[in-house]
Amino acid sequence: MRARLPATEELRQIYAPEYFKASAEEPANGYADYLADGERHGETARRRLSLIDRFMPARGRLLDVGAAAGFFVDEAIRAGWDAEGIDIAPHVVDWGRRELDVPLRVGGITAVEAPVAFSVVTMWDYIEHSLDPVGELAKSNELLVDDGLVALSTGDLESLAARLSRSRWHLLTPRHHNFFFSANTLVRLLGRSGFDVVWLGHPGARYSLAHLTYKLDRGAKTGATAAAARRIATSRFGRYSLPLNLFDIVTVVARKVRPPGS
């Protein structure tokens, strides 16, 4: 955990446009260009939906927490889900409403009023950003139908890549990531929150060359890596993608089995 959690009013500045599209002046440890990688986000969303289908084959209501521009929500709707998303960054929410025409709103999960009865709540690469992971998982439990699912992903602090990289681990960005988990601590937290884990793994994904070189530069922070990242980001090669798996991002699907803390 970081030494001081940001105040709620700081979050809009932390997740300002520069977080989603870096520049030489504002290398914000977020994304090289989040919106430009929309095709990659869609591919990842479809793989994640296939995983959910294994444990919740019937389509129902789905809430994506930390939805950003709504690429996962868009793919979920195409797959037959009654899906919506919520995020604290108004500019990407506005983009998703306008460009993807998906139901998004600005805010956090605590603003969602119960009872709503979602079949699935997703938190992809989100819980590390949360100011209150325990409270937000409890809220997810409250919003889910009996036997509903929570599906999430986050960095695995006990992975080999994290332990070898130490302070240069690409997910160790304290300004944005407030809590860090291992697979084991995440399973225990979900158990205390009223969930039983039904699947856990470390699946890989495809990333654009622009994003990969940007992340390399944010770890190395040298003039050479910065120059390479800028050149690739502005070239046609930046949009090419490669499969990558450092086995340092854990994905979990868990089923609601009881109220939190019981």
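Residues numbered from 1 in each chain as written. Predicted model: local features only at pLDDT ≥ 70, side-chain atom pairs only at ≥ 80, totals over all residues. Heavy atoms only, no water.

Peer 1: An account of the packing of aromatic side chains is requested, with residue identities and associated values reported.
Peer 2: If you walk through the whole model with that rule in mind, you get 10 aromatic pairs. Between Y19 and Y31, the aromatic rings sit 5.6 Å apart at their centres with planes inclined by 85 degrees, giving edge-to-face as the arrangement. One end of the pair, Y19, is in helix α2 (residues 17–20); the other, Y31, is in the loop between α2 and α3 (38–53), and 12 residues separate them in sequence. Taking relative accessible area as the criterion, Y19 reaches 7% and is therefore assigned buried. (Phe/Tyr/Trp six-rings, centres within 6.5 Å; stacked < 30°, edge-to-face > 60°. Helix = DSSP H or I, 4+ residues; strand = E, 2+ residues; numbered from the N terminus. Buried < 20%, exposed > 50% of the residue type's maximum accessible area, 1.4 Å probe, protein only.)

Peer 1: Help me get a handle on unusual backbone geometry, residues and values and all.
Peer 2: Within the chain, A68 stands out as a residue other than glycine whose phi angle is a positive 55 degrees. Looking at the secondary structure, you find A68 in the loop between β1 (61–65) and α4 (71–78). Although it is not a glycine, R166 sits at a positive phi angle of roughly 50 degrees. By secondary structure assignment, the location of R166 is in the loop between α7 (160–165) and α8 (183–192). In this structure R166 comes out as exposed when scored by relative accessible area, which is 65%.

Peer 1: Can you break down the nonpolar core residue by residue, with the values?
Peer 2: Core analysis: the largest hydrophobic core is formed by 33 residues, its most contacted members being Y15, F20, I52, F72, W81, V120 and L149. When contributions to this core are tallied by element, the ones reaching two or more residues are α1 (11–14), α2, α3, α4, α5 (90–100), β4 (118–124) and β5 (144–155). When neighbours within four sequence positions are excluded, V120 is seen to be in contact with I52, M56, R61, L62, L63, W81, L144 and L149. F118, M123, I127 and L144 belong to the second-largest nonpolar core, a separate cluster that totals 26 residues. (Core = buried A, V, L, I, M, F, W, Y, C linked by side-chain atoms within 4.5 Å. Contact = heavy atoms within 4.5 Å.)

Peer 1: Can you explain the packing of α3 against α4? Please cite residues and give values.
Peer 2: Each packed pair of helices is defined by two parameters, the angle between the axes and the distance between the axes. At a closest axis distance of 8 Å, the pairing of α3 and α4 adopts a crossing angle of 55 degrees. With respect to α4, the element α3 is oriented oblique. When the axes of α3 and α4 are compared, the crossing they make is right-handed. Residues G38, H41, G42, A45, R46, R48, L49 and I52 of α3 form the contact with α4, whose own contacting residues are F71, F72, E75 and A76. Per-class residue counts for the contact of α3 with α4 are six nonpolar, three polar and three charged. (Axes fitted to C-alpha atoms, helices over the stretch in contact; angles between N-to-C directions. Parallel < 35°, antiparallel > 145°, perpendicular 65-115°, else oblique. Left-handed = near helix turned anticlockwise from the far one by under 90°. Nonpolar A, V, L, I, M, F, W, Y, C, P; charged D, E, K, R; others polar.)

Peer 1: Would you mind going over the side chain of D37 in detail, with residue names and values included?
Peer 2: Along the polypeptide, D37 turns up in the loop between α2 and α3. Overall, D37 belongs to the buried group, its relative accessible area being 7%. Contact partners of D37, with chain neighbours within four places excluded, come to S208, H211 and R239.

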